[in-house]
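Here are the chains, one letter per residue:
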Amino acid sequence: MNDKVIKTFIGKSDHLPTRMRSTSGGVFFILARYVIESKNGVVFGAGFNEKFEVRHTYVDKTEELFKLQGSKYPQSRISGVYAKIKEFLQQGRFVLFSGLPCQIVALRKYLGSDYENLLCVDLICYGVASPGLWKDYLDVFWANKKIKRIVFKDKHKSGWKKWNTLIETQDARYFLHDETNVYMSGYLKGAFMRPSCEYCRCKGTNRDSDITLGDAWGKGETHRLNDNCGLSVILINSEKGSAYFDAIRKELAYEEVDFEDYMKGNPYYFETHKFNEKLLNEFLETKDKNELRAFKNITISSFKSFVKYIIYFIKGTEKID
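Just so we're clear, the structure is a prediction, and the values are computed from it rather than from any experiment. (Residues numbered from 1 in each chain as written. Predicted model: local features only at pLDDT ≥ 70, side-chain atom pairs only at ≥ 80, totals over all residues. Heavy atoms only, no water.)

**Student:** Run through the overall build of the chain, naming residues and quoting values.
**Tutor:** Scanning the chain from N- to C-terminus turns up 11 helices and 12 strands. Against the compact-globule benchmark of 20 Å for 321 residues, the chain has a radius of gyration of 20 Å, which places it among compact chains. Along the longest, intermediate and shortest principal axes, the C-alpha atoms of the chain span 55 × 45 × 40 Å. Within the chain, buried positions represent 55% of all 321 residues. Nonlocal contacts in the chain, meaning residues at least 24 apart in sequence, comprise 71% of its contacts between residues at least 6 apart. Surface summary for the chain: the accessible area is close to 15500 Å², and the carbon and sulfur share equals 49%. In the chain, the 50 positive side-chain charges and the 41 negative ones have mean positions that sit 4 Å from each other. (Helix = DSSP H or I, 4+ residues; strand = E, 2+ residues; numbered from the N terminus. Rg over C-alpha atoms; globule rule 2.2 N^0.38 Å. Buried < 20%, exposed > 50% of the residue type's maximum accessible area, 1.4 Å probe, protein only. Contact = heavy atoms within 4.5 Å. Areas by Shrake-Rupley, 256 points an atom, 1.4 Å probe, with all protein chains shown as cover. Lys, Arg positive; Asp, Glu negative; His and termini not counted. Charge placed at Lys NZ, Arg CZ, Asp CG, Glu CD.)

**Student:** Describe in detail the environment of V121, supporting the description with residues and values.
**Tutor:** Topologically, V121 is positioned in strand β5 (residues 118–123). When sequence neighbours within four positions are dropped, the list of residues in contact with V121 reads L31, L96, F97, S98, G99, I104, I211 and L213.

**Student:** Describe the nonpolar core, naming the residues involved and giving the relevant values.
**Tutor:** Counting residues in each nonpolar core, the largest one holds 40 residues, and the members touching the most others are W134, Y137, W142, Y183, F192 and F283. Counting residues per element, this core draws most heavily on helix α5 (residues 131–142), at 6 residues. With residues near it in sequence (within four places) discarded, Y183 still touches P74, A129, S130, L133, W134, Y137, F152 and F192. (Core = buried A, V, L, I, M, F, W, Y, C linked by side-chain atoms within 4.5 Å.)

**Student:** Could you give an account of a nonpolar patch on the surface, naming the residues involved and the relevant values?
**Tutor:** The grouping of F306, V307, I310 and I311 at the surface amounts to a nonpolar patch, some 290 Å² of accessible area in total. In this structure, V307 sits in helix α11 (residues 303–315). (Patch = residues over 30% accessible without salt bridge, like charges linked within 9 Å, V, L, I, M, F, W, Y side chains within 5 Å. Salt bridge = Lys/Arg side-chain N within 4 Å of Asp/Glu carboxyl O.)

**Student:** Describe the packing of helix α2 (residues 27–39) against helix α7 (residues 239–248), with residues and values.
**Tutor:** Contact geometry for α2 and α7: axes closest at 10 Å, N-to-C directions at 90°. By the angle between their directions, the pair α2 and α7 is classed as roughly perpendicular. Across the interface between the two elements, V27, I30, L31, Y34 and K39 from α2 touch Y244, A247 and I248 from α7. Looking at the contact of α2 with α7, its residues break down into 7 nonpolar, no polar and 1 charged. (Axes fitted to C-alpha atoms, helices over the stretch in contact; angles between N-to-C directions. Parallel < 35°, antiparallel > 145°, perpendicular 65-115°, else oblique. Nonpolar A, V, L, I, M, F, W, Y, C, P; charged D, E, K, R; others polar.)

**Student:** Tell me about the side chain of T8, and name the residues and values.
**Tutor:** Mapped onto the secondary structure, T8 falls in strand β1 (residues 7–13). Those residues in contact with T8 that sit more than four places away from it in its chain are V233, I234, L235, E255, E256, V257 and F259.

**Student:** Give me the lowdown on unusual backbone geometry, citing residues and values where you can.
**Tutor:** Phi at F52 is positive, roughly 60°, even though this residue is not glycine. Looking at where F52 falls in the secondary structure, it is placed in the loop between β2 (42–48) and β3 (54–59). The exposure class assigned to F52 is buried, which follows from its relative accessible area of 11%. Not every positive phi belongs to a glycine, and N228 is a case in point at roughly 65°. The residue N228 is located in the loop between β9 (211–215) and β10 (232–236) in this model.

In structure tokens, the structure reads:
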């Protein structure tokens, strides 16, 4: 039963381009923009660096929020971030911190006390992926290509439900899925996930966040608000979270819904996907001998899937003129 969530909504930004740049309904962007423009605030979240490693960083300009939009599945580097947040808070700046439930627990413990000028937003988390294997994947498959952009869940080809991972290089756009989406396949099967995530103690309503955001899977998929361009589930966990949701309601199409009904489609709100130790060990044993084969074995399990993989990389890309 729900013993903490104040209200549950599903919603989306009224601005389609905002949603298309977002993993779900674009609610994070609307909230972050409000913090920057109305509170002269600073927004922290996960972004890519120049090597496409995932790290937490901050922005204080609306035009830079794109750096923090969209899901990033490898564990983010967060060294020095909590100290920077404390510095901003003590200066009187308003701070929005977006991260995983465990990162918000760590932030609260680091700060040692509550700050009225801090808003914490967490995500419904499947489990975090290995940043080391992410680096290996980029080195094995993309070392000779000049990557310009990566979007883990891109909607432009197939929409919100049947997303692709987009990797854009200097010469082409690769929309990866099924046999071609090697890293995400390993992650979704539990092999590339942190083993400790299986025993996460920050799940369910045991959260330190003010607002929880996620995809409105389950009943949201058949709701009138779903246009296959992204729909969020929004859980209000505190009075502060409620106040800030009220401040952005006018920019959303939303509806209050029943917590129990809408969490049935989001089991990872309550628990983490199982860590697949057997598959990881098989991967690592092969990786010691042949990295390329190890990664391909994660998705290519038959001759038919191998042929699909080859055909895609010959014909399935979009060339950039």
